[in-house]
Amino acid sequence: LVGTSDVLSQFFEQASGEFKQQKRLQGVPEADPLIRVVTSQLASMEALHDFATTQYNWKQSMHVAITGLTFIGPMTHTWYNILERIVARSIPRMPILAVGVVPQLVYKMFLDAFIYSPVAVGGYFVWRTQLEGGSAGSTWDKLKVAYPQALVASWSFWPAANIV
């Protein structure tokens, strides 16, 4: 599933890039919604043919799938089991949690953001870099550059996604 999402992401990136290039050449502003572009691309047989014949980075997709299967999936499953136990044990000490679902949700989101996310984001970079054949030094370099921005992005996205 994770590998499939990577292939689809590559397709959407390509479709978006090709659309923007076509609009630049035509002098049309780029303000048109990407949704319209992707929908029209997917609806046409030409887009389906392009999708089937496009060169994708299958190695990247395999690394993403392996990372999801061997790292993110098991770790997330374990974390959410632990999180449920933490919340259940915290209710007697934190009476606000007994009030209802909303305080428990906020508490879970807080713990998820400040305990799990830093570990998961860092672990993702380490795991992926190792799958790509990176050394300890290249892993550290990647963490120094990408980790802070990725962690902030995680804090921006996952709380809203967890609410849904």
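Scroll up for the structure.
Residues numbered from 1 in each chain as written. Predicted model: local features only at pLDDT ≥ 70, side-chain atom pairs only at ≥ 80, totals over all residues. Heavy atoms only, no water.

1. Some remarks on the packing of helix α5 (residues 101-131) against helix α6 (residues 136-163)
Two quantities define a packed helix pair, namely the angle between the axes and the distance from one axis to the other.
(1) Moving on: In the contact formed by α5 and α6, the axes pass within 8 Å of each other and the chain directions differ by 140°. Regarding the angle of α5 to α6, the classification is oblique. Every pair of crossing elements has a handedness; the one defined by α5 and α6 is right-handed.
(2) Moving on: A per-class count over the contact of α5 with α6 returns 15 nonpolar, 8 polar and 2 charged. (Axes fitted to C-alpha atoms, helices over the stretch in contact; angles between N-to-C directions. Helix = DSSP H or I, 4+ residues; strand = E, 2+ residues; numbered from the N terminus. Parallel < 35°, antiparallel > 145°, perpendicular 65-115°, else oblique. Left-handed = near helix turned anticlockwise from the far one by under 90°. Nonpolar A, V, L, I, M, F, W, Y, C, P; charged D, E, K, R; others polar.)

2. Some thoughts on the pattern of salt bridges
In a structure, side chains of opposite charge can pair up when their charged atoms sit close to one another.
(1) Moving on: One pass over the structure, following the stated rule, counts 4 salt bridges.
(2) Moving on: Of the charged contacts, one joins Lys108 and Glu84 as a salt bridge, the two residues approaching to 2.7 Å between their closest N and O atoms. Placement of Lys108 in helix α5 and of Glu84 in helix α4 (residues 58-90) is noted, with a sequence separation of 24 residues between them.
(3) Moving on: Across the pair Glu132 and Arg128 runs a salt bridge whose closest N-O atoms are separated by 3.0 Å.
(4) Moving on: Glu132 sits in the partly exposed class, given a relative accessible area of 40%.
(5) Moving on: The exposure class assigned to Arg128 is buried, which follows from its relative accessible area of 11%.
(6) Moving on: Three or more residues joined by partner-sharing salt bridges are found here, namely Arg128, Glu132 and Lys142. (Salt bridge = Lys/Arg side-chain N within 4 Å of Asp/Glu carboxyl O. Buried < 20%, exposed > 50% of the residue type's maximum accessible area, 1.4 Å probe, protein only.)

3. Observations concerning α6
(1) Moving on: A bend of about 45° at Ala146 is the largest found in α6, and the proline Pro148 appears one to four places after it.
(2) Moving on: Considered for burial, the residues of α6 that qualify are Thr139, Leu143, Leu151 and Ser154.
(3) Moving on: Lining the buried residues of α6 we find α5. (Bend = angle between axes of the 7 residues up to and from the residue. Contact = heavy atoms within 4.5 Å.)

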